[in-house]
Amino acid sequence: MTERQLKRLHELCPPNPKRCPVEYMPSDWQAFIFRMWGRLTPRRIASVLSATEAEIIKAAEDMGLGAPASDADEREWISKGYITLIRDSWHLVDYDQICEIVSMTPDELFFTIKEDDFLHVKLGGFKPDLPRLKATPLSPEQKLHTAEIKAISECFDGKVGEYKSRPFDFSNVYKRPETAADLSGGIRLAYSYCALYGDVFTSNVDYCFSDELLAAYRDYGVNGIWCQAVLYRLAPYPFLSGMDDGWKERLAGLRALTERLSGYGIKLYLYLNEPRALPSSYFSDGAHNDIKGHTSGGLTSLCISSEPVKKYLYDTARFIASEAPLLGGFMTISGSENLTHCYSHTGEPDCPRCSRRPRAEVTAECNNLLYRGAASVIPDFSFIAWTWGWPDDMVGDITDNLDRGIILSEVSEHRVEKVIGGIKTSVSDYSISVVGPGDHALASWKKARELGHQVCAKTQLNCCWEEGSLPFIPVFDTVALHLCRLKAAGVENLILDWTVGGYPSPTFALASLIMGQENPEREAVLAEFYEKFFPESEREIIKAGAAQLSAAYDNWPFHIGVLYNGPQHMGPANPIHLEPTGLWATMTCWPHDCLDAWRAIYPEEVFENHLKLLADGWDKGVETLGQLKGRQLSGMAEDVLVCAEAAAAIFRSMYIQTRFIRLRGDIKTNGEELIKLLDAEMSCIYEAADAQSRHPGVGFESTNHYFFTRQSLKEAAISCKYAQKLIKSH
């Protein structure tokens, strides 16, 4: 790695002496082997650790690890699970070693960390400053510790057995209802369940958009799929040379995908944040002042008040639409985390042109230019302008300035308030437990319809960051209440999910059923849903169990801080630490042991109590669904049962970990309860492993890949046993 490449990586994630300890493992290099085993071949692990392949195999045997990864296993993890590999090695090895692990150049690694759904933020915004990790001889104490690891590992394998499912093997588990849903009516837009967030049009297309997935979407009533895209990667770019490298291949891939989807009655939508800002250095010599906009954080907007930028947006949208005439539409966020137009991140831009124009006018024009360009080629082109990032008090003014053919989308539950444990919380987005629509969305839609716009609700129906590592949360009563309210509000179109929540599930079938009716009522439509999609032998049990799950889910302690920082995504795979790590939780990545981040606005006691209410209530629903065990089940019932049981393990683990952290500071007083808590956590670990064994979607989310795996659950078991040993020694 060159000095320049290392500098770029350090600017993105500065080196820091902090790191997450693995005190429950004999050594860091053994921890690395443990985490990578079954995913990387012994050959690659040996190369990373400057060891021989024989030494690595011997070290794995000494820890009781099973069969090594094959070359095919390794290729699959590097191509489809690279986020998990990066995350699992981040606190153990240096940048050069990470490049070798995921088979990337330093520049490719930089791009991945920067652009793959804000991975640098998820990783904490820093890189532990570590020397190159190497395999070294073990001390007598470490050898004894290694023998203990082997005993725990073999015990785990004996209880869990061989997994029935393989990671990433989703095509074999997508279920299809016997009666297909109707694809007509409004837009029902989903993100492909396993789409890679990066170069989706040129790599792993058959995996991201398999025939089995598309057929399931069709039969569940999904008629649109959205993908993230950047204009300069799909068309010639007039401003900075080299930015558009590979555009022809990507555009050809996009066109081929639209043709493939059309065979299933599904349209492709591109999710855009445009125009993308350029490095401020591009404007440093004053040669490009005609397009220079607002500057922020080392980036400078392309000013859409300038004619060259207006022409670029219109012409590029028109060009893409002409080259891919089956394209369904665009979906935009014009106030996203990415700096785009001059008002996208500020109300007072330093742009000499836009600062003289109203913010609402500039924001709307950004959308209008793209819409007009594409619609000039495809007359029925659908364009969804999502209000995310717009100032709430300006949504009406921006809508006034939008072309009437643009569909206005609002987060349904935005600004809905709820009192939980005496604490008032409110939603920005990503909630199922807080049911919309709220007054803000209703007012925005009313205004838009009066102006002649169609409207769209951004929802999360399967799951969200309340629990993002499962295919779906079977809370059908809660979802039906939300959808019936949306239908009553006159909403025609739905964004069904974000990157989390795209599994083709019974919930999507429920959405299609409700949106196809004139005046649906929850109880009547639920009865029709169960009758239509579940055999008579399963119907009443699933109905009763799902109602209990929905009631329990009402106890979820909602706050955006809990969603991003809580332990729900890793669940029982989050390692136990008896001593505080001192690390802050990171966005949908590592919760660590940071209870202050997990609980957000809630006092510790309130947070713990509501997690217990959630877990206890959820267990009642799972007990009801347990009557299905031992029967020959329909595919949809199998999915309901495995997701409910996996969620039970995760919710109980959240309570246990919270309670453990609150008590661990006084081992002398709380030692007995701490040991019991760790026994209960071990049960959660085994329950999560059992669920994952039955369904490869357990633990998975498309932009984070696997939050947990068999190996990370085993590592968590080791951390529990190690903590118990320390507690007993006090």
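See the structure above.
What you see as residue numbers is a count from 1 along each chain, following the sequence as written. pLDDT decides what is reported in this predicted model: residues at 70 or higher carry local features, side-chain atom pairs at 80 or more are listed and counted, and totals for whole chains, interfaces and linings draw on all residues regardless. Hydrogens and waters are ignored; side-chain quantities use all the structure's heavy atoms.

1. Focus: the overall build of the protein chain
Scanning the protein chain from N- to C-terminus turns up 27 helices and 17 strands. What you see for the protein chain is a C-alpha radius of gyration of 26 Å, in line with the 27 Å of a compact globule of 730 residues. Dimensions of the protein chain along its principal axes, counting C-alpha atoms only, are 75 × 65 × 50 Å. Here the term buried applies to any residue with accessible area under 20% of the maximum for its type, exposed to any over 50%, and partly exposed to those in between, with areas from a 1.4 Å probe on protein chains only. Looking at the protein chain as a whole, 63% of its 730 residues qualify as buried. Whether two residues touch is decided by their heavy atoms; if any such pair falls within 4.5 Å, the residues are in contact. The long-range fraction of contacts in the protein chain, counting pairs at least 24 apart against all pairs at least 6 apart in sequence, stands at 77%. Put simply, the protein chain shows about 26200 Å² of open surface, and 49% of that area lies on carbon and sulfur atoms. Of the side-chain charges in the protein chain, 74 are positive and 97 negative, and the distance between the mean point of each set is 1 Å. Where helices and strands are cited, they refer to DSSP runs of H or I of at least four residues and of E of at least two residues respectively, numbered from the N terminus. Note that the radius of gyration is over C-alpha atoms, with the globule rule given as 2.2 Å times the number of residues to the power 0.38. Per-residue and other accessible areas were derived by the Shrake-Rupley procedure at a 1.4 Å probe size, with only the shown protein chains allowed to occlude residues. Here Asp and Glu are counted as negative and Lys and Arg as positive; His is not counted, and neither are the chain ends. Note that the charge is assigned to NZ on lysines, CZ on arginines, CG on aspartates and CD on glutamates.

2. Details of helix α21 (residues 536-553)
Taking 1.5 Å as the rise per residue, α21 with 18 residues should run 26 Å; its terminal C-alpha atoms sit 26 Å apart, in good agreement. Listed in full, the buried residues belonging to α21 are Glu538, Ile541, Ile542, Gly545, Ala546, Leu549, Ser550, Ala552 and Tyr553. Lining the buried residues of α21 we find α18 (476-488), α20 (522-533), α24 (604-625) and α25 (635-663). For a helix, the expected span equals 1.5 Å multiplied by the residue count minus one.

3. Observations regarding the sheet that holds strand β7 (residues 292-296)
Only strands that DSSP links by at least two bridges are regarded as paired with each other. Pairing is antiparallel in the open sheet, where 3 strands are placed in the order β6-β8-β7. The open sheet terminates on both sides in strands that have one partner only, identified here as β6 (278-279) and β7. Across 2 bridges, β6 lies against strand β8 (residues 299-302) in antiparallel orientation. For leucine 278, the partnering residue across the bridge sits in β8 and is threonine 300.

4. Thoughts on a negative patch on the surface
Taken together, the side chains of Glu528, Glu531, Glu536 and Glu540 make up a negatively charged region of the molecular surface. Contributing elements (two or more residues each) for the negative patch: α20 and α21. Along the chain, glutamate 536 turns up in helix α21. Each patch is assembled from residues with relative accessible area greater than 30% and no salt bridge, linking like charges that lie within 9 Å and nonpolar side chains (Val, Leu, Ile, Met, Phe, Trp, Tyr) that lie within 5 Å. One speaks of a salt bridge when a side-chain nitrogen belonging to Lys or Arg is within 4 Å of a carboxyl oxygen belonging to Asp or Glu.

5. Focus on the side chain of glutamine 460
With respect to the secondary-structure elements, glutamine 460 resides in the loop between β14 (455-458) and α18. Only 2.8 Å separates the side chain of glutamine 460 from the side chain of lysine 458, close enough to count as a polar contact. At 2.9 Å, the side chain of glutamine 460 and the backbone nitrogen of tryptophan 498 are in polar contact. If we skip the residues at most four places from it in the chain, glutamine 460 touches Tyr430, Ser431, Ile432, Leu496, Asp497, Trp498 and Val500. The term polar contact refers here to a pair of N or O atoms within 3.5 Å; inside protein, the definition further demands a hydrogen-donor-capable atom paired with an acceptor-capable atom, and it admits residues adjacent in sequence only when both atoms are side-chain atoms.

What is shown is where atoms sit, not what they do.
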